[in-house]
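One-letter residues, chain by chain:
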Amino acid sequence: MINTNNKPVLLLGIGNILMGDEGVGIHAIERAESFDIPEWMDTLDGGTGGFHLLEYFEKYRHVVMIDATLDDKTTGSWRKITPRYASDFPRAMSTHDIGLKDLVSALHLSGRLPEITLYVISIESIQQQGIYLTDKVNKGMEEVLQDILATVHEPLAVV
Amino acid sequence: MGKRIVVDPITRIEGHLRIEADIENGKIKDAYSSGTMVRLIEEILKGRDPRDAWAYVGRVCGVCTSTHSLTSVRTVEDALKINIPANAELVRNIMHCTLYMHDHVVHFYHLHAMDWVDVVNALKADPKKTSELAQSLSHWPKSSPGYFSDIQARIGKFVASGQLGIFANGYWGHPAYKLPAEVNLIGLAHYLEALEWQKEIVKIHAIFGGKNPHPNYLVGGMACSIGLDDVSGINAERLAMVDRLLEEGKQFIEQVYIPDLMAIASFYKDWGGIGGGLGNYLVYGDLPTKGINDPSSFKFPGGAILNKDISKVYDVDLKKDDEIQEFIKHSWYDYSGGDEQGLHPWKGESKINYTGPKPPFEHLDVKDKYSYLKTPRWNGNAMEVGPLARVLVGYAKGIEEYRAVVDKALTDLNVPVTALFSTLGRTAARGFECALTAQWGREFFDQLISNIKNGDTRMADTSLFNPETWPKTAFGVGFAEAPRGALAHWINIEDQKIANYQLVVPTTWNASPRDTKGQMSAYESSLIDTPVADETQPLEIIRTIHSFDPCMACSVHLYDEEGTTVSRVNVVGD
């Protein structure tokens, strides 16, 4: 997908669809497409991400990301973070944290870092295989999507 | 007694790789390579429609997103005896060349360059001298003193902020860094330029594959309609964009990547004698120009070289039961027939049985099983796969394009051909073939345009797409040269469904544990005798391992909690 319509906000899911709950970001994008997404928001299945995603971070003014995290919090619970630096990302952010953190550092260095909102959903294990979510993580994902629709607003036009 | 050092994970790669190395008198005496995560794609595919396999296997990795999909459609096409139209082959080749251009440039600048370029030292460079040096190396326009002083100011601010980010894991100031400050600054400037550049070239995948990452493939051809006046398909406007991107990509590789590679290499010629390892090389072949069943037409010829003897290239048969086999003597798997046997992938088994130490632990039990990677062998031999293998096979076969690029580099650097069997040779070979794929990408594009102008717009053969046309059972093998090396998938189809699916991926060849005979694989072997100046900062280990462009995501088919720790180096033992 190439942004040719100049929408200002991107909803970006990150994860590996083959690794159970770790793929929650990708499931979220599929699910979001059945919601009433505002016309100023695009959606993107970012796969496991990394440098491939640079163009999207440079094209949108606000990137809302959804990813899994492995921490000690209750499975299916979620947090909303506004990271400024790569080091603000949670440390155990799944398999692809290195690529994504590098990307954010690089954007910072080039002065082209968009506004980033990061939703992380806690998962119990990244030892799962399969292409389905557990019920707890699925519920967390639904809550995140509801929160995004309720709290993410269209950015003011650039003058 | 020597010391054992542990590097885990090796940074700047996808997935998790752990190296344990024994050091004696400042050199590596023994080494063990372990994949610490597992991903059982084989189990996910069982019982599915073979025509959908490409979409799943494309997800095993986010780095070379399209290679597995390409290999998968070739596998199913082989099983069902489907021949694809010429245009589909050309589009696949253009996408594959694009992947090489992207992947090799990103590897060089963003994953490997910091092993040779000291970022912090670049701040000491004189921008005027840097400009003069850059202009003597290349015609690339961005080379003014102002340009370099601006880069220096940006990096200086970044470093002063304490947010090193991408540069946080470097061993800056390590004695093994040998570049003058000005060369370091050029490397750093091009690190940033390459970052901007790489986002352009991948658009070719979005144009032909409908999206990126993870473009679309199709069993029988490609899923894009093409025609100069096609409103919604690949039309003249989109083809013009591909044309421009391929040309700009080629210019960047020829005017930035290759001159930088040669300039950096000229200060590290000693690495032309370090990190060689096995001396056995394996290539399946790729970039067909007359169909995948005519290996003589491949731009990347297939073949095997043993014991560094480039006077002889052996043929490789992926279907023969006793040529390619996987062993599990030192891998956390069980075979129904026991640990000693090797299995051809069509008979492959993937039953995991983790018997390693319970984390957290200091050492793996390397006398027993110590990795989630299986150990593949060709006729019983451990083989290195990847850019060096491809360049050596092309060179050994006397192909002019390979001879020209390799001989010029050897002359310019004033090193013998034997310098290729090394860490430096591996890193240089990646550059050589990147330049070749940039040329070939243009050739394939011109041919595609010529076909379209002659009225041939066929992109898929769907005559055997309907499962009712398939035999009750079918076996297939599909192969490709992934940027990291030889990749193949094997499929057994029964009653229109996948009965077995096995992947043997490049990093499994290179990073696997020892086999039943105790023979090391490529990573382990390449580390032997490598000097390590400071065991708390094993830069030398990282240089050689990164020269293989490790990618663990697909080679091990999970993490344990240990795999999520930040990179660390432990010095253990005494």
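Residues numbered from 1 in each chain as written. Chains lettered and ligands numbered in written order. Predicted model: local features only at pLDDT ≥ 70, side-chain atom pairs only at ≥ 80, totals over all residues. Heavy atoms only, no water.

1. Side note on the overall build of chain A
Next up, step 1: Looking only at helices and strands, one finds four helices and five strands in chain A.
Next up, step 2: Helices and strands appear in chain A in the N-to-C order β-α-β-α-β-β-α-β-α.
Next up, step 3: Out of the 159 residues belonging to chain A, those deemed buried represent 60%.
Next up, step 4: Partitioning the contacts of chain A with sequence separation of at least 6, the portion at a separation of at least 24 is 79%.
Next up, step 5: Summed over all atoms, the accessible surface of chain A reaches about 6,400 Å², with 49% contributed by carbon and sulfur. (Helix = DSSP H or I, 4+ residues; strand = E, 2+ residues; numbered from the N terminus. Buried < 20%, exposed > 50% of the residue type's maximum accessible area, 1.4 Å probe, protein only. Contact = heavy atoms within 4.5 Å. Areas by Shrake-Rupley, 256 points an atom, 1.4 Å probe, with all protein chains shown as cover.)

2. Observations regarding the overall build of chain B
Next up, step 1: Helix and strand content of chain B: 16 helices and 13 strands.
Next up, step 2: On the principal axes, the C-alpha backbone points of chain B span a range of 70 × 60 × 50 Å.
Next up, step 3: Buried positions account for 65% of the 574 residues belonging to chain B.
Next up, step 4: In the form shown here, chain B has an accessible surface area of approximately 19,500 Å², with 50% of it arising from carbon and sulfur atoms.
Next up, step 5: The positive charge centre, built from 58 side chains, and the negative charge centre, built from 73, are 1 Å apart in chain B. (Lys, Arg positive; Asp, Glu negative; His and termini not counted. Charge placed at Lys NZ, Arg CZ, Asp CG, Glu CD.)

3. Thoughts on the pattern of salt bridges
Pairing of side chains with opposite charge becomes possible as their charged atoms draw close.
Next up, step 1: Taken as a whole, this structure holds 44 salt bridges over all chains when the rule is applied.
Next up, step 2: Measuring nitrogen to oxygen at the nearest pair gives 2.5 Å for the salt bridge that ties K472(B) to D495(B). Within this pair, whereas K472(B) is found in the loop between α12 (423-453) and β10 (473-482), its partner D495(B) is found in the loop between β11 (485-494) and β12 (497-504), the two being separated by 23 residues in sequence.
Next up, step 3: Classification of K472(B) by relative accessible area gives exposed; the value is 59%.
Next up, step 4: R514(B) is the partner of E524(B) in a salt bridge, and the nearest nitrogen-oxygen pair spans 2.9 Å. Residue E524(B) is located in helix α14 (residues 522-527), and its partner R514(B) is located in the loop between α13 (506-511) and α14; the two are separated by 10 residues in the primary sequence. Take E524(B) and R514(B): they sit in the same class, and that class is buried.
Next up, step 5: Salt bridges linked by common partners bring E58(A), R112(A), E196(B), K199(B), E200(B) and K203(B) together as one network. (Salt bridge = Lys/Arg side-chain N within 4 Å of Asp/Glu carboxyl O.)

4. Focus on unusual backbone geometry
Residue and element names in this part refer to chain B.
Next up, step 1: Put simply, N212 and P213 share a cis peptide bond, and its omega is 0°.
Next up, step 2: The backbone phi angle of L287 is positive, close to 55°, even though this residue is not glycine.
Next up, step 3: With respect to the helices and strands, L287 occurs in the loop between β4 (281-283) and β5 (303-305).
Next up, step 4: The backbone of Q496 sits at a positive phi, close to 70°, despite the residue not being glycine.
Next up, step 5: Mapped onto the secondary structure, Q496 falls in the loop between β11 and β12.
Next up, step 6: Take Q496: its relative accessible area is 33%, and that puts it in the partly exposed class.

5. Some details on the pairing of strand β3 (residues 62-69) of chain A
Residue and element names in this part refer to chain A.
Next up, step 1: Where burial is concerned, most of β3 is hidden: eight out of the eight residues are buried.
Next up, step 2: Burial along β3 is two-sided: the face carrying H62, V64, I66 and A68 and the face carrying V63, M65, D67 and T69 are both buried.
Next up, step 3: Relative to β3, strand β1 (residues 9-13) runs parallel, the two being bridged by five bridges. Paired with L10 across the strands is V63, a residue of β3.
Next up, step 4: In this sheet, strand β5 (residues 115-122) lies alongside β3 in parallel orientation, the contact comprising eight bridges. Residue pairing in the sheet places V64 in a bridge with T117 of β5. (Pairing = 2+ DSSP bridges.)

6. Re the packing of helix α10 (residues 387-396) of chain B against α12(B)
Residue and element names in this part refer to chain B.
Next up, step 1: Where α10 contacts α12, the axes come no closer than 8 Å and their chain directions differ by 70°. Taken together, α10 and α12 sit at an angle that is classed as roughly perpendicular. The element α10 and its partner α12 pack so that their crossing is left-handed. Between α10 and α12, the residues in contact are P387, L388, R390 and V391 and G425, R426, A429, R430, F432 and E433, respectively.
Next up, step 2: The residue inventory of the contact of α10 with α12, partitioned by class, reads five nonpolar, one polar and four charged. (Axes fitted to C-alpha atoms, helices over the stretch in contact; angles between N-to-C directions. Parallel < 35°, antiparallel > 145°, perpendicular 65-115°, else oblique. Left-handed = near helix turned anticlockwise from the far one by under 90°. Nonpolar A, V, L, I, M, F, W, Y, C, P; charged D, E, K, R; others polar.)

7. Let's talk about the sheet that holds β1(A)
Pairing between the strands of a sheet comes from backbone hydrogen bonds, and it takes one of two forms, parallel or antiparallel.
Residue and element names in this part refer to chain A.
Next up, step 1: If you walk across this open sheet you meet the five strands as β2-β1-β3-β5-β4, and the pairing is mixed. Here the strands that pair on one side only, and so sit at the sheet edges, are β2 (41-45) and β4 (78-81). Within this sheet the neighbouring strands show an average axis-to-axis angle of 20°, counted without direction.
Next up, step 2: Taken strand by strand, helix α4 (residues 135-151) contacts β1, β2, β3, β4 and β5, and its axis lies near 155° from that of β5.

8. What about the sheet that holds β10(B)?
Residue and element names in this part refer to chain B.
Next up, step 1: Read from one edge to the other, the open sheet built from three strands follows the order β10-β11-β12, with strand pairing classed as antiparallel. Each edge of the sheet is formed by a strand with only one pairing partner; in this case those strands are β10 and β12. The sheet shows a mean angle of 15° between the axes of neighbouring strands, direction not considered.

9. A word on the side chain of T544(B)
All names here are of chain B.
Next up, step 1: In this fold, T544 is placed in helix α15 (residues 539-547).
Next up, step 2: By relative accessible area, T544 is classed as buried at 0%.
Next up, step 3: A distance of 2.8 Å separates polar atoms of two side chains, one belonging to T544 and the other to T423.
Next up, step 4: Here T544 is in contact with W271, G275, T423, R426, S526 and L527, once residues within four sequence places are set aside. (Polar contact = N/O pair within 3.5 Å; in protein donor to acceptor, adjacent residues only side chain to side chain.)

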